[in-house]
Amino acid sequence: MTKRIALVTGGTGGIGTSICKELASTGHTVVANYFPADKELAESWLAENKTGNLDLHIAPADVTDYDSCTTMVQSIESELGPVDILVNCAGITRDKTLKRMTPDQWNAVINTNLNSAFNVTQQVVNGMTERGFGRIINISSVNGQKGQFGQANYSAAKAGLHGFTMAVAQETAAKGVTVNTVSPGYIETAMTSSMPEAVLTAIVGAVPVGRMGKPEEIAYTVAWLADERNAYTTGANIPVNGGMFMSA
Ligand code: CAA
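Quick caveat: nothing in here was measured; it's all calculated off a predicted structure.

Participant: What is the right way to read the overall build of the chain from this model?
Facilitator: Counting its regular elements, the chain contains 9 helices and 7 strands. The C-alpha atoms of the chain give 17 Å as radius of gyration, which agrees with the globular expectation for 248 residues (18 Å, within 12%). Principal axes of the C-alpha set define a box for the chain whose edges measure 45 × 40 × 35 Å. Out of the 248 residues belonging to the chain, those deemed buried represent 48%. Contacts in the chain between residues far apart in sequence, at least 24 positions, make up 76% of those at least 6 positions apart. About 11700 Å² of surface is accessible on the chain, with carbon and sulfur atoms providing 54% of the total.

Participant: What is the right way to look at the sheet that holds strand β4 (residues 85-88) in this model?
Facilitator: Sheet strands line up and pair through hydrogen bonds in the backbone, either parallel or antiparallel. In space, the 7 strands of this open sheet follow the order β3-β2-β1-β4-β5-β6-β7, with parallel pairing throughout. Every interior strand has two partners, whereas the edge strands, β3 (55-60) and β7 (237-240), have only one. In this sheet, neighbouring strand axes are inclined to one another by 20° on average, regardless of whether the strands run parallel or antiparallel. As paired elements, strand β5 (residues 134-139) and strand β6 (residues 177-184) share 6 bridges and run parallel to each other. In the sheet register, N138 faces β6, and the bridge partner there is T181. Against the sheet, helix α6 (residues 152-172) makes contact with β5, β6 and β7, and its axis sits at roughly 165° relative to β6, the strand it touches most.

Participant: I would appreciate a short explanation of the nonpolar core in the present structure.
Facilitator: Soluble, globular proteins show a tendency: their nonpolar side chains are buried together. Within the largest apolar cluster, 27 residues are counted, with the highest numbers of intra-cluster contacts made by I19, L23 and V87. Among the secondary structure elements, those contributing two or more residues to this core are β1 (5-8), α1 (14-25), β2 (29-34), β4, β5, α9 (215-226) and β7. It is α9 that contributes the most residues to this core, 6 residues altogether.

Participant: Help me out: how do you make sense of the side chain of N230 in this one?
Facilitator: Topologically, N230 is positioned in the loop between α9 and β7. Here the side chain of N230 touches T233 through a polar contact of 2.9 Å, side chain to side chain. Look past the residues within four positions of N230 in its chain and what remains in contact with it is R135, T178, W224 and L225.

Participant: Looking at this model, I keep getting lost on the packing of helix α3 (residues 66-79) against helix α4 (residues 103-131). Mind explaining?
Facilitator: When two helices pack together, their arrangement is given by the angle between their axes and by how far apart the axes lie. Direction vectors running N to C along α3 and α4 enclose 35°, while the axes themselves pass 9 Å from each other. Seen from above, α3 lies across α4 with right-handed handedness. When α3 is examined against α4, the residues Y66, C69, T70 and V73 are found in contact with a partner set consisting of F118, N119, V120, Q122, Q123 and V124. In terms of residue class, the contact of α3 with α4 is made up of 6 nonpolar, 4 polar and no charged.

Participant: Could you clarify how one ought to interpret the site of the ligand in this entry?
Facilitator: Inspection of the region around the ligand gives 21 residues, with D95, R100, S141, Y154 and Y186 positioned closest. Contact between the ligand and Q148: an oxygen atom at 3.3 Å from a side-chain N or O atom of the residue. Y186 places a side-chain nitrogen or oxygen 2.7 Å from an oxygen atom of the ligand. Contact with the protein chains covers 61% of the free accessible surface of the ligand, which is 1100 Å². Only α7 (190-193) and α8 (197-205) provide two or more residues apiece to the shell around the ligand.

Participant: When you look at α6 in this model, what are you seeing that I'm missing?
Facilitator: An α-helical turn contains 3.6 residues, so any two residues separated by three or four positions project in the same direction. Here α6 spans 30 Å end to end across 21 residues, near enough to the 30 Å set by a 1.5 Å rise per residue. Regarding α6, the residues found buried are N153, Y154, S155, A157, K158, L161, H162, F164, T165, V168, A169 and T172. Buried residues in α6 make contact with α4, β5, α5 (142-146), β6, α7 and β7.

Scoring rules and cut-offs
Residues numbered from 1 in each chain as written. Predicted model: local features only at pLDDT ≥ 70, side-chain atom pairs only at ≥ 80, totals over all residues. Heavy atoms only, no water. Helix = DSSP H or I, 4+ residues; strand = E, 2+ residues; numbered from the N terminus. Rg over C-alpha atoms; globule rule 2.2 N^0.38 Å. Buried < 20%, exposed > 50% of the residue type's maximum accessible area, 1.4 Å probe, protein only. Contact = heavy atoms within 4.5 Å. Areas by Shrake-Rupley, 256 points an atom, 1.4 Å probe, with all protein chains shown as cover. Pairing = 2+ DSSP bridges. Axes fitted to C-alpha atoms, helices over the stretch in contact; angles between N-to-C directions. Core = buried A, V, L, I, M, F, W, Y, C linked by side-chain atoms within 4.5 Å. Polar contact = N/O pair within 3.5 Å; in protein donor to acceptor, adjacent residues only side chain to side chain. Left-handed = near helix turned anticlockwise from the far one by under 90°. Nonpolar A, V, L, I, M, F, W, Y, C, P; charged D, E, K, R; others polar. Near = heavy atom within 4 Å. Expected span 1.5 Å × (residues − 1).

This is how it looks when you write it as structure tokens:
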């Protein structure tokens, strides 16, 4: 296996942390992106997670800001080398029914969950095609596939993310780059634990596997897509949702 540099946006979050640890444990150098205001949190994250041989690093950038992403990728490339694996994992919720949703709640979710993919991917995609290798993995959601009451903003952004995946997959397929989506169901993270308890219980009660997913179960799928042997899966949307939503 070739040791490569992986960048994970939202890398210090619930699912992001597991993705960073899984990619690092398979032997890659992994950079966890974090929101600049969270510098202290990110430093303690690094101290806690950089154990054993894990080659973990942190890098600040506001993924809603194109120039901030340019600066982040330039500094990673000059300090560590080119990014061969990108996981677009940064995401937030601002749940409200449409009738109550403010423009700020709409824009925050579209900017963080969808525009971020453009802002970060464009920094690395040309290098990947020039070198003839790349893995881009976009973390979407079951709610981008089926819609969710109270999530017009989030469902729109996450559905849009898979459209982005399919378009960029076509543009890069002939150059050794694969682009795929992973769509998690309800996973045990701070994002789901901040939901109203009764709503979460009702949703999880209807999941065929009978429980919430674990961040490690998403990370395992991401590592499988990032593997250099996995060169013929591109433009796909891989559901990891405990059977909550199935499609042909
Ligand atoms: N279908 C139909 N009706 C529903 C409903 C549903 N799924 N959920 C709630 N309602 C009803 C309620 O019973 C309530 O009815 P009454 O007014 O008759 O009492 C009404 O809708 C609530 O309406 P409000 O105007 O008060 O709603 P609100 O704007 O305050 O928002 C909510 C409520 C925030 C959307 C809340 O229902 C909620 O948090 N829902 C969960 C949304 C969700 O699944 N978020 C996932 C977060 S985790 C994540 O996103 C990760 C991932 O990828 C899976």
